[in-house]
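Here is how the chains run, residue by residue.
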Amino acid sequence: MSESDWLDHISIDWNDFDGASRISGEIVRHLAADRASLRRMVMEAQQDERLRPLAEKHYELTYIVLYDALDRGLRVRLHRFTKGLEDIPHNHRFSFSSALLAGSYVHTIFDLERPEDAEPGSRLWTLDQPQGTHEGASVQQLEMVGLRPALATVQNAGSSYTLHHSTIHKTAMPDETAFSVFCRGPAQKPCALQLQPDSESYLWKFGRANETPDVLASRGLSDEEYRGFITVLEEAEVI
């Protein structure tokens, strides 16, 4: 038997956002409360030939996948957000629920500023799409001239929330490294939006099917990095 067998009986319909928020929220809060179960899922995932390659490292975030059943509406991940870093404003291809396991981060939600809402003559942001990130897919221009913070909160250990895939947000970790358990649904659109305020530009983030092997390999975790990730979880008493 696997530690995650109880998840085999759960299906989530993300077209019913309120219902999906309730079920996915219950999943992440359950795992946050049962650290022994969470630890066993981490150890099982390390040996799982299907889950192990789904782990990824990014500038401010590293995650491993603990359970994958997107055909039933859920994929569970464990995240580490690095102290002193922050991501760029972005949305997602999927909606998700998240529960903070340890540490904290500043969570900011943004509104786009459209040309019709701005001062006359405001400059449009430009598309800056890297090579290898949209294989077989076209990218579209976005009519926007700015980004406005709408809400900022501090998420601490024990807090949880659900975010719709259309919501633009970012996390910042000025004081400490943070850890969370995360339950996402299947992609509900082909690409997500990533914004770069310093250069007033943006790009589209596609899924793995539209990324080159080099791009995918650059995000993968080596065996040593995966073991190191688990060591950090243990030292932080997350598992």
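Reading the values: rules and limits
Residues numbered from 1 in each chain as written. Predicted model: local features only at pLDDT ≥ 70, side-chain atom pairs only at ≥ 80, totals over all residues. Heavy atoms only, no water. 1 Å grid on protein atoms, 1.4 Å probe; cavity = no way out; pocket = protein on both sides within 12 Å on 5 of 7 lines; lining within 4 Å. Points joined across faces, edges and corners; volume = space filled by probe spheres on them. Axes fitted to C-alpha atoms, helices over the stretch in contact; angles between N-to-C directions. Helix = DSSP H or I, 4+ residues; strand = E, 2+ residues; numbered from the N terminus. Parallel < 35°, antiparallel > 145°, perpendicular 65-115°, else oblique. Contact = heavy atoms within 4.5 Å. Nonpolar A, V, L, I, M, F, W, Y, C, P; charged D, E, K, R; others polar. Expected span 1.5 Å × (residues − 1). Buried < 20%, exposed > 50% of the residue type's maximum accessible area, 1.4 Å probe, protein only. Arc of directions from axis to C-beta. Phe/Tyr/Trp six-rings, centres within 6.5 Å; stacked < 30°, edge-to-face > 60°. Lys NZ or Arg CZ within 6 Å of the ring centre and 35° of its normal.

Chemist: Looking at this structure, how should I read the layout of surface pockets?
Modeler: Taking a probe equal in size to a water molecule and rolling it over the atoms shows the remaining empty space. A volume near 1100 Å³ is recorded for the largest pocket. Lining of the largest pocket is provided by 46 residues; of these, Glu56, His58, Gln194, Lys205 and Arg219 occupy positions nearest its centre.

Chemist: Please explain the packing of helix α1 (residues 17-33) against helix α2 (residues 35-47) as it appears in this structure.
Modeler: Each packed pair of helices is defined by two parameters, the angle between the axes and the distance between the axes. As a packed pair, α1 and α2 sit with axes 5 Å apart at the nearest point and diverge in direction by 100 degrees. It follows that α1 is roughly perpendicular to α2 by the angle criterion. Residues Leu31, Ala32 and Ala33 of α1 form the contact with α2, whose own contacting residues are Arg35, Ser37, Leu38 and Met41. Residues that form the contact of α1 with α2 fall into these classes: five nonpolar, one polar and one charged.

Chemist: Sorry, what's going on with helix α4 (residues 223-235) here?
Modeler: The periodicity of an α-helix, 3.6 residues per turn, causes residues three or four positions apart to be oriented the same way. In a regular helix each residue adds 1.5 Å, so 13 residues correspond to 18 Å; α4 covers 18 Å between its end C-alpha atoms and thus fits that length. Buried residues of α4: Tyr226, Phe229, Ile230 and Leu233, and no others. Down the axis of α4, the sector holding all buried residues measures 95 degrees, keeping them to one side. In this structure, α4 carries Glu224 and Glu235 as exposed residues pointing more than 90 degrees from its buried face. Where α4 is buried, its residues touch α2, β2 (61-69), β3 (74-81) and β10 (178-184). Positive phi appears at Glu237, one or two residues downstream of α4, with a value of about 60 degrees.

Chemist: Which parts of the structure should I look at to understand the packing of aromatic side chains?
Modeler: By convention here, two paired aromatic rings are described through the distance between centres and the angle between planes. Using the criterion set out here, one finds five aromatic pairs in the structure. Between Phe96 and Tyr161, the ring centres sit 6.3 Å apart and the planes meet at 65 degrees, which makes this aromatic pair edge-to-face. One end of the pair, Phe96, is in strand β4 (residues 96-102); the other, Tyr161, is in strand β8 (residues 160-163), with 65 residues separating them in the sequence. Each of the two residues, Phe96 as well as Tyr161, counts as buried. For the pair Phe96 and Phe182, a centre-to-centre distance of 4.5 Å together with 25 degrees between the ring planes defines the contact as stacked. Taken together, the residues span a long stretch of sequence, with Phe96 in strand β4 and Phe182 in strand β10 at a distance of 86 residues. On the basis of relative accessible area, Phe96 is assigned to the buried category, the value being 2%. A relative accessible area of 3% places Phe182 in the buried class. Cluster of aromatic residues (ring-pair linked, three or more members): Phe94, Phe96, Tyr161 and Phe182. Between the NZ or CZ atom of Arg77 and the centre of the ring of Tyr63, over which it lies, the distance is 3.8 Å. Between the NZ or CZ atom of Arg184 and the centre of the ring of Phe94, over which it lies, the distance is 3.8 Å.

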